[in-house]
Amino acid sequence: MDRNAITSLAETFQGVRDTTVRLCATLSAEDTVVQSMPDTSPTKWHLAHITWFFERFVLEEFVPDYRRYNDDYHFLFNSYYFTVGQMHARPRRGLLSRPTYDEVITYRDHVDSAVRELIGQRDDQTVAERIMLGLNHEQQHQELLLTDIKHVLSCNPLSPAMNVDLAVPASASASAYSYTDGRSGIRPIGAHGMGFCFDNETPRHDALLHPHQIGDRLVSNAEYREFIAAGGYTDTRLWLSDGWSVINERGWSRPLYWSEDLQSEFTLGGMRDIDEHAPVCHVSFYEADAFARWAGARLPTEFEWEDAAAETATDGNLMESEYWQPVAAAESRQFFGDVWEWTSSSYSPYPGFTPLAGSLGEYNGKFMCNQMSVRGGSCVTAADHIRASYRSFFYPDARWQFLGIRLAKDSAA
Ligand SMILES: [Fe+2]
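Now for a description of the structure that goes with this document.

Under the counting rule described, the total for this entry stands at 25 salt bridges. When the shortest N-O distance is used, the salt bridge between R130 and E61 registers 3.0 Å. One end of the pair, R130, is in helix 5 (residues 125-154); the other, E61, is in helix 2 (residues 43-62), with 69 residues separating them in the sequence. Judged by its relative accessible area of 38%, E61 is partly exposed. Measuring nitrogen to oxygen at the nearest pair gives 2.7 Å for the salt bridge that ties E341 to R406. Of this pair, E341 sits in strand 7 (residues 340-346) while R406 sits in the loop between strand 10 (403-404) and strand 11 (408-410), and the two are 65 residues apart along the sequence. In this pair, the class of E341 matches that of R406, namely buried.

Right, dumping it as structure tokens:
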């Protein structure tokens with residue numbers, strides 16, 4: 001690595017690390033401790049865990065005389081890497097009133113200065129690639145931090161805003177829902193080898209796409225209201241069996257965060273009127289699938305989605321827009337940003353998939369069961385963290401992430 005590359009890595013490192021702390025600026029110390037359900041983690045835990053990741057997988061592996069900051073932190077802030085040791089139970093992360101927020105920030109500062117020192121001393125590619133993995137991991141947690149605190153604050157009867165000054169996007173009208181023919185035949189899928197990618201995006205391989213059409217925008221709140229008004233949640237014919245069970249057991253009749261009268265919703269800026277032209281958000285795979293069936297369509301496969309999105313610029317309503325809420329389509333086809341889009345594809349390994357070597361093999365591969373692939377990033381995904389080949393994944397009943405719907409259709413061969 002030359003001097004410029006080292007300087008650039010050091011700047012990127014500090015930039016991502018600082019962004020995470022800046023996201024917390026409007027939170028109180030009390031806000032950062034709460035865990036509202038097992039799926040969500042407290043803000044303070046996120047801050048500590050992403051620091052632990054650098055300590056365990058960068059400093060402990062590449063700095064021979066590095067001494068662990070605190071052995072207890074290794075137990076508290078390991079998420080799911082059993083090959084490096086046991087960890088505190090995930091559903092009990094909200095019980096960690098200690099270490100305090102300030103102690104976690106001190107831990108971060110300690111690890112940051114050690115990583116900066118490493119960047120200055122070791123200029124080899126292996127170290128740089130591991131740091132880039134740590135930064136991409138941190139960006140994933142920036143998104144989780146925002147989605148998790150939204151859920152935490154939504155559980156408070158006072159409906160507090162994370163940030164009362166969050167900008168309200170200008171209103172735009174969604175056009176009538178239309179479709180574009182997708183390419184069919186054998187198409188290349190997966191990361192193309194230029195720039196960072198996660199192991200689950202590899203290897204690049206051929207997939208067979210049948211003749212199809214893919215929607216030109218995301219499904220809007222107005223369209224979802226029509227589905228509700230048409231009795232969508234009470235018509236068993238529209239639902240997968242598992243989905244029918246879930247909506248009945250949990251009493252779901254509208255997207256998460258919508259008020260009972262379907263007129264307002266909880267956002268990171270507090271309660272707001274629902275913008276009928278904005279993409280519907282916080283729906284499960286089951287709801288997305290039922291909506292698509294009601295609309296005479298289906299969800300795209302993740303391969304149809306990737307092939308359509310591959311030639312689209314990765315700009316859109318992402319974290320840096322600072323709306324932190326989906327916005328109505330103007331010109332864009334909305335492939336990137338706004339909401340992660342449910343696909344009909346199960347999150348499975350690509351042909352020839354090999355997880356990362358060693359403990360980091362636990363990062364993605366072991367979750368390839370019973371989850372669905374989602375694509376495109378959301379309004380709280382960092383702009384330099386998304387690409388057409390990026391695969392995220394959630395259980396089909398998940399709703400707390402920014403998750404929405406694009407439609408697709410089979411077409412005649
Ligand atoms: Fe993590």
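On we go.
A separate point is the environment of W340. Among the structural elements, W340 can be located in strand 7. The buried category is assigned to W340, whose relative accessible area is 3%. Spatially, the C-alpha atom of W340 lies 19 Å from that of E276, the residues being 64 residues apart in sequence.

Let us look at the coordination of the iron ion. Taken together, the protein ligands of the iron ion are H49 (NE2), H137 (NE2) and H141 (NE2), with distances of 2.2 Å. In primary sequence terms, the donor set of the iron ion follows H-x87-H-x3-H. Of this pair, H137 and H141 both sit in helix 5, four residues apart, which is roughly one turn of that helix. According to the relative accessible area criterion, H141 is buried, its value standing at 9%.

Pairing analysis gives three bridges linking strand 1 (residues 179-181) to strand 4 (residues 212-215), with the strands arranged antiparallel. Directly across from T180, in strand 4, lies its bridge partner I214. Pairing of strand 4 with strand 11 involves three bridges; the strand directions are antiparallel. Across the sheet, the residue bridging to Q213 is K409, located in strand 11.

Turning next to the layout of surface pockets. Considered as a void within the structure, the largest pocket measures approximately 850 Å³ in volume. Along its surface, the largest pocket is lined by 36 residues, and Y80, R90, L144, F393 and F394 are the ones closest to its centre. Of all the secondary structure elements, the ones that give two or more residues to the lining of the largest pocket are helix 2, helix 5 and strand 9 (392-394). Considering each element in turn, the lining of the largest pocket owes the most residues, six residues, to helix 5. Its residues placed into classes, the lining of the largest pocket shows 14 nonpolar, 15 polar and seven charged. Within this model, the second largest pocket holds a volume of roughly 530 Å³. Taken together, 22 residues line the second largest pocket, and the ones lying closest to its centre are E129, R130, M132, L133 and F196. Contributing elements (two or more residues each) for the lining of the second largest pocket: helix 1 (3-23) and helix 5. The leading source of residues in the lining of the second largest pocket is helix 5, at seven residues.

A two-sided burial pattern is seen for strand 8 (residues 372-375), the buried positions comprising M372 and V374 on one face and S373 and R375 on the other. Strand direction decides the pairing type here: strand 8 and strand 9, joined by three bridges, are antiparallel. The partner of V374 across the bridge, within strand 9, is S392.

Criteria and thresholds
Residues numbered from 1 in each chain as written. Predicted model: local features only at pLDDT ≥ 70, side-chain atom pairs only at ≥ 80, totals over all residues. Heavy atoms only, no water. Salt bridge = Lys/Arg side-chain N within 4 Å of Asp/Glu carboxyl O. Helix = DSSP H or I, 4+ residues; strand = E, 2+ residues; numbered from the N terminus. Buried < 20%, exposed > 50% of the residue type's maximum accessible area, 1.4 Å probe, protein only. Donors = N, O, S within 2.8 Å, 3.2 Å for Na, K, Ca; no water. Pairing = 2+ DSSP bridges. 1 Å grid on protein atoms, 1.4 Å probe; cavity = no way out; pocket = protein on both sides within 12 Å on 5 of 7 lines; lining within 4 Å. Points joined across faces, edges and corners; volume = space filled by probe spheres on them. Nonpolar A, V, L, I, M, F, W, Y, C, P; charged D, E, K, R; others polar.

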